[in-house]
Amino acid sequence: MQVLLADEYGFCFGVERAVEMVEQALDEGATVRTLGPLIHNTQEIKRLEAEGVATINAPADVAPGETAVIRAHGVTPEVQRELEGRAERVIDATCPFVTKVQKLAERAAAQGRDVVVVGNPDHPEMIGVRGYAPQHAHVVRDASEVASLPPLHAPLVVSQTTLKLSTFLEAADAVRLKADSEPQIVNTICSATRDRQDAARALAGHVDAFYIIGGKHSSNSIKLLSVCREQCAQSFLIETPDEINAEDLRGARRVGVTAGASTPNWLIEQTLARLREIGAEEQA
Ligand code: SF4
């Protein structure tokens with residue numbers, strides 16, 4: 001039985017960077033508090049907790065002398081200021097792709113323009129971005145919600161980094177009908193999610209079973225599972241290698257492996273080790 005890894009899998013750039021920043025602070029002896037869970041992976045959060053990292057729910061929970069971490073989704077400028085006023089030190093692990101959206105929104109708002117952000121208004125990334133253009137930002141889920149917006153002045157249109165491209169383009173088209181001039185449309189979608197899905201899709205037709213390592217509630221891992229199931233019925237979303245049932249691999253000649261954008265490498269390594277125990281060989 002051969003194990004084939006998808007071409008793209010596991011931590012995206014922003015998540016890896018955030019975890020590395022936390023590790024570095026721990027090495028320097030800091031008492032680290034993250035505002036919200038650092039990443040959407042229970043096992044990695046538990047590992048960080050064992051190293052002394054605690055999750056807090058509000059800036060008010062930071063005690064003097066502690067280091068506060070802003071996670072990859074980013075926060076509003078108000079929240080950042082509040083953290084800076086309380087913490088000994090603030091580590092800003094906002095993903096640079098998210099920072100770009102924040103800066104674009106801030107600049108357009110400073111010019112008195114409307115800002116249409118296409119995404120989920122309840123998502124922390126969107127709450128953060130809206131905070132950079134408070135009087136000017138309109139967060140819409142899709143084109144249908146653009147219809148209820150007021151007339152828009154010289155609008156900038158940007159997207160949540162994990163949005164589907166077609167949703168963004170349809171919404172941007174709808175903005176044209178509401179705008180007093182040609183909108184500035186900047187596609188700020190990050191390719192990390194799509195790259196993982198494309199790589200899983202490319203592999204799924206060539207394997208007899210597929211393991212997707214990721215949180216059961218992680219939306220990008222659930223999406224990876226459905227992409228794999230389109231071509232490989234024996235696709236399983238697992239959080240840990242213990243969930244692999246050797247019976248499911250009976251008769252399988254090739255096994256695919258991928259992992260969501262919040263799945264740490266050590267969990268992927270443990271999964272590969274478990275598959276080797278069952279009799280798999282990794283293919284380079
Ligand atoms: Fe950054 Fe993209 Fe990862 Fe989000 S998915 S943290 S934007 S690299």
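Heads up: these notes are all about the structure in this document. Since the model is a prediction, treat every value here as computed from it, not as a measurement.

Observations concerning the overall build of the protein chain
Each helix and strand in the protein chain was counted, giving 10 helices and 13 strands. In terms of its C-alpha atoms, the protein chain occupies a principal-axis envelope of roughly 65 × 50 × 25 Å. In the protein chain, which comprises 284 residues, the proportion classed as buried is 52%. Intrachain contacts of the protein chain at a sequence separation of at least 6 include 69% that bridge at least 24 residues. Total accessible area on the protein chain is roughly 13400 Å²; 48% of this is exposed by carbon and sulfur atoms. Each charge class in the protein chain was averaged separately, 28 positive and 40 negative side chains, and the resulting centres sit 4 Å apart.

Topic: unusual backbone geometry
Negative phi values dominate among residues other than glycine, just as trans dominates among peptide bonds. With phi around 40 degrees, Ala154 is a residue other than glycine that occupies positive phi space. You can see Ala154 is positioned in the loop between α6 (143-146) and β8 (156-159). Its relative accessible area of 16% is what places Ala154 among the buried residues.

Details of the sheet that holds strand β6 (residues 115-118)
Sheet strands associate in pairs through backbone hydrogen bonding, adopting either a parallel or an antiparallel arrangement. Strand order in the open sheet formed by 4 strands is β7-β6-β8-β9, with parallel pairing between adjacent strands. Two strands close off the open sheet at either side, each with one partner strand: β7 (137-140) and β9 (184-185). Across 4 bridges, the pairing between β6 and β7 is parallel. Residue pairing across strands places Val117 opposite Val139, the latter belonging to β7. Helix α4 (residues 96-110) contacts β6 and β8 of the sheet and is inclined by roughly 165 degrees relative to β8. Across the sheet, helix α7 (residues 165-176) is in contact with β6, β8 and β9; its angle to β8 comes to roughly 165 degrees.

Some thoughts on the environment of Gly36
When you line up the elements, Gly36 lands in the loop between β2 (32-35) and α2 (42-50). Residue classification places Gly36 among the buried positions, given a relative accessible area of 10%. In contact with Gly36, other than residues within four places in its own chain, are Thr55, Ile56 and Arg71.

So, the pattern of salt bridges
For the coordinates displayed, the defined rule picks out 15 salt bridges. Close ionic contact of Arg33 with Glu66 constitutes a salt bridge, the shortest N to O distance being 3.2 Å. In this pair, Arg33 sits in strand β2 while Glu66 sits in the loop between β3 (54-56) and β4 (67-70), placing the two residues 33 residues apart along the sequence. Of the residues examined, Arg33 reaches a relative accessible area of 16% and is grouped as buried. Linking Glu145 and Arg141 is a salt bridge whose minimum nitrogen-to-oxygen distance equals 3.8 Å. The partly exposed category is assigned to Glu145, whose relative accessible area is 27%. Through salt bridges with shared partners, one network takes in Glu23, Glu44, Arg47 and Glu51.

Cut-off values and rules
- Residues numbered from 1 in each chain as written.
- Predicted model: local features only at pLDDT ≥ 70, side-chain atom pairs only at ≥ 80, totals over all residues.
- Heavy atoms only, no water.
- Helix = DSSP H or I, 4+ residues; strand = E, 2+ residues; numbered from the N terminus.
- Buried < 20%, exposed > 50% of the residue type's maximum accessible area, 1.4 Å probe, protein only.
- Contact = heavy atoms within 4.5 Å.
- Areas by Shrake-Rupley, 256 points an atom, 1.4 Å probe, with all protein chains shown as cover.
- Lys, Arg positive; Asp, Glu negative; His and termini not counted.
- Charge placed at Lys NZ, Arg CZ, Asp CG, Glu CD.
- Pairing = 2+ DSSP bridges.
- Axes fitted to C-alpha atoms, helices over the stretch in contact; angles between N-to-C directions.
- Salt bridge = Lys/Arg side-chain N within 4 Å of Asp/Glu carboxyl O.

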